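# Fold and geometry: a report
This is what each chain is made of:
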Amino acid sequence: MDKSAYPYHGGRLRWHSSLAKLTFWSFVFIGIIFIFFRFHSDPSRRSLRTSSWGGPAWEKKVQTSARIRSRNGFSVLVTGAAGFVGTHVSAALKRRGDGVLGLDNFNDYYDPTLKRARQELLERSGVFIVEGDINDAALLKKLFQVVPFTHVMHLAAQAGVRYAMQNPSSYVHSNVAGFVSLLEVCKEATSQPAIVWASSSSVYGLNTKVPFSEKDKTDQPASLYAATKKAGEEIAHTYNHIYGLSLTGLRFFTVYGPWGRPDMAYFFFTKDILNGKSIPIFEGENHGTVARDFTYIDDIVKGCLGALDTAQKSTGSGGKKKGPAQLRVFNLGNTSPVPVTNLVTILERILKVKAKRNVMKLPRNGDVQFTHANISLAHRELGYKPTTDLQAGLKKFVRWYLNYYSAAGKKADAR
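Thresholds applied
Residues numbered from 1 in each chain as written. Predicted model: local features only at pLDDT ≥ 70, side-chain atom pairs only at ≥ 80, totals over all residues. Heavy atoms only, no water. UniProt positions renumbered as here; feature names shortened; annotations may be inferred. Patch = residues over 30% accessible without salt bridge, like charges linked within 9 Å, V, L, I, M, F, W, Y side chains within 5 Å. Areas by Shrake-Rupley, 256 points an atom, 1.4 Å probe, with all protein chains shown as cover. Salt bridge = Lys/Arg side-chain N within 4 Å of Asp/Glu carboxyl O. Lys, Arg positive; Asp, Glu negative; His and termini not counted. Charge placed at Lys NZ, Arg CZ, Asp CG, Glu CD. Helix = DSSP H or I, 4+ residues; strand = E, 2+ residues; numbered from the N terminus. Axes fitted to C-alpha atoms, helices over the stretch in contact; angles between N-to-C directions. Parallel < 35°, antiparallel > 145°, perpendicular 65-115°, else oblique. Left-handed = near helix turned anticlockwise from the far one by under 90°. Contact = heavy atoms within 4.5 Å. Nonpolar A, V, L, I, M, F, W, Y, C, P; charged D, E, K, R; others polar. Pairing = 2+ DSSP bridges. 1 Å grid on protein atoms, 1.4 Å probe; cavity = no way out; pocket = protein on both sides within 12 Å on 5 of 7 lines; lining within 4 Å. Points joined across faces, edges and corners; volume = space filled by probe spheres on them. Buried < 20%, exposed > 50% of the residue type's maximum accessible area, 1.4 Å probe, protein only. Phe/Tyr/Trp six-rings, centres within 6.5 Å; stacked < 30°, edge-to-face > 60°.

Per an unreviewed UniProt entry, the protein goes by the name UDP-glucuronate 4-epimerase and belongs to Linum tenue. Annotation of the protein in UniProt includes, under Sequence similarities (unreviewed entry), the sentence "Belongs to the NAD(P)-dependent epimerase/dehydratase family." Database annotation for the protein, UniProt heading Catalytic activity (unreviewed entry): "UDP-alpha-D-glucuronate = UDP-alpha-D-galacturonate".

All right, on to a positive patch on the surface then. Taken together, the side chains of Lys-302, Arg-349, Lys-352, Lys-395, Lys-396 and Arg-399 present a region of like positive charge at the surface. Looking at the positive patch, the element that brings in the most residues is helix H13 (residues 390-406), giving three residues. With respect to the helices and strands, Lys-395 occurs in helix H13.

Let's shift gears to the packing of helix H7 (residues 168-188) against helix H8 (residues 224-243). Any two packed helices are characterised by the angle at which their axes cross and by the distance between the axes. As a packed pair, H7 and H8 sit with axes 10 Å apart at the nearest point and diverge in direction by 15 degrees. Of the possible angle classes, the one that applies to H7 and H8 is roughly parallel. The two elements H7 and H8 cross, and the hand of that crossing is right-handed. Here H7 contributes Pro-168, Tyr-171, Val-172, Asn-175, Val-176, Phe-179, Val-180, Leu-183, Glu-184 and Lys-187 to the contact with H8, which in turn contributes Leu-224, Tyr-225, Thr-228, Lys-229, Ala-231, Gly-232, Ile-235, Ala-236, Tyr-239 and Tyr-243. For the contact of H7 with H8, a count of residues per class yields 14 nonpolar, three polar and three charged.

Okay, the sheet that holds strand E2 (residues 99-104) next. Strand order in this open sheet of seven strands is E3-E2-E1-E4-E5-E6-E11, and the pairing throughout is parallel. Of all the strands in the sheet, the pair left with one neighbour each is strand E3 (128-131) and strand E11 (327-332). Across the sheet, the mean angle separating the axes of adjacent strands is 20 degrees when strand polarity is ignored. In this sheet, strand E5 (residues 194-198) lies alongside strand E4 (residues 151-154) in parallel orientation, the contact comprising four bridges. Each bridged residue has a counterpart across the sheet, and for His-151 the counterpart in E5 is Ala-194.

Within the structure shown, the criterion is met by one cavity of 30 Å³ or more. Its boundaries defined by the atoms lining it, the largest cavity holds a volume of some 50 Å³. If you go around the largest cavity, the residues you meet are His-154, Leu-155, Ala-156, Ser-174, Asn-175, Phe-179, Trp-197, Ala-198 and Lys-229. Only H7 and E5 provide two or more residues apiece to the lining of the largest cavity. In terms of residue count, H7 provides more of the lining of the largest cavity than any other element does, three residues in total.

Within this structure, the stated rule accounts for 12 salt bridges. For the salt bridge of Asp-216 with Lys-209, the shortest nitrogen-to-oxygen distance reads 3.1 Å. A salt bridge links Arg-380 to Glu-381; the nearest nitrogen and oxygen atoms lie 3.7 Å apart. According to the relative accessible area criterion, Arg-380 is exposed, its value standing at 57%. Each of Arg-96, Asp-98 and Asp-309 takes part in salt bridges that share partners, so that together they form one network.

This brings us to the packing of aromatic side chains. For the structure on display, the rule yields 30 aromatic pairs. For the ring pair Tyr-163 and Tyr-171, a centre distance of 6.2 Å and an interplane angle of 50 degrees mean the geometry is tilted. Taking relative accessible area as the criterion, Tyr-163 reaches 23% and is therefore assigned partly exposed. Seen in terms of ring centroids, Phe-267 and Phe-397 are 5.4 Å apart; in terms of plane orientation they differ by 55 degrees. Their pairing is tilted. Taken as a pair, Phe-267 in helix H9 (residues 265-274) and Phe-397 in helix H13 lie far apart in primary sequence, 130 residues in all. The class of Phe-267 is buried, set by a relative accessible area of 3%.

Structure below.
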């Protein structure tokens, strides 16, 4: 049938599509404004999840942790430092001699004791984590007064696709208002830091063309989490354009490994298999395969460091732009999507336990059927080249899991 025979109908569909997108993003940015002013106008809310800070002893800890110990090293503020990726990136930066200061609010989205254990791990290597919220403007300003950070690795976020249906405001608070709060402080710095931040592969949403490329449109988010990350990319563009901030967004693809997040499938599959519980195996329409581009944490860390090392300086000062600044976005994946059924088979082999599989239809809760990264741009610009396959990575994860939960009576907690 000749589509050109129905020009008015096609135009009307396009108009409705454009209107729907405009309406969606209008709600997102209204939410940004509401949450931002809600938390920045009320001092009691600004101090939410922020422990006491300030004073000579506290400032000395901050300065010592952020002190550069290598030639041409960086002084990096890592937000979300007690998180999965944040812990590994902070440790890697410290090992190579960069100054590292962490910031985390230690929320209870998942077991805070795991975050505290990561904190202890980093403290042993000389990384101090300030307990505070990225929406606390006074705290952020104080940190930049105490330390002239050359770089910011912004990894703090409300993670998880499904949880957005239970607590949507937490995503706007952390991923949108929190990002704006951080950028506001960065733009006012006399010497603005270069910023590398965590976007997400979730921004590709309902896209069907694979592998996902940075050139693809990302205007069909399948979850509120994805929408807030997409909003973050638009916000980054705005602050780059107006204030000259150097910003690099990293779209992570299903990161896994030791010290990981308990809400991730590989993590709770391991727990439930060991405890003889059934695990949900989702399938798409017509029994379609659900697959993920699982990426091992060490490969992600290499990509993060590569982004920091190639980030150009911001061009503004004191809130005023002095020239064009770098704006980038990269996929960080493994380029080898693996069906979730294969993930379970590998875990069965490593754990030497047969899983009780409960096959069910993929729910409409924001999850997508597949992810697949095109990493040619990251390879060319960052030297990014993942080297760990899923079997090798899961072996390392299971070894850590068994050790962690068997130590100091934690085995009972795992069950």
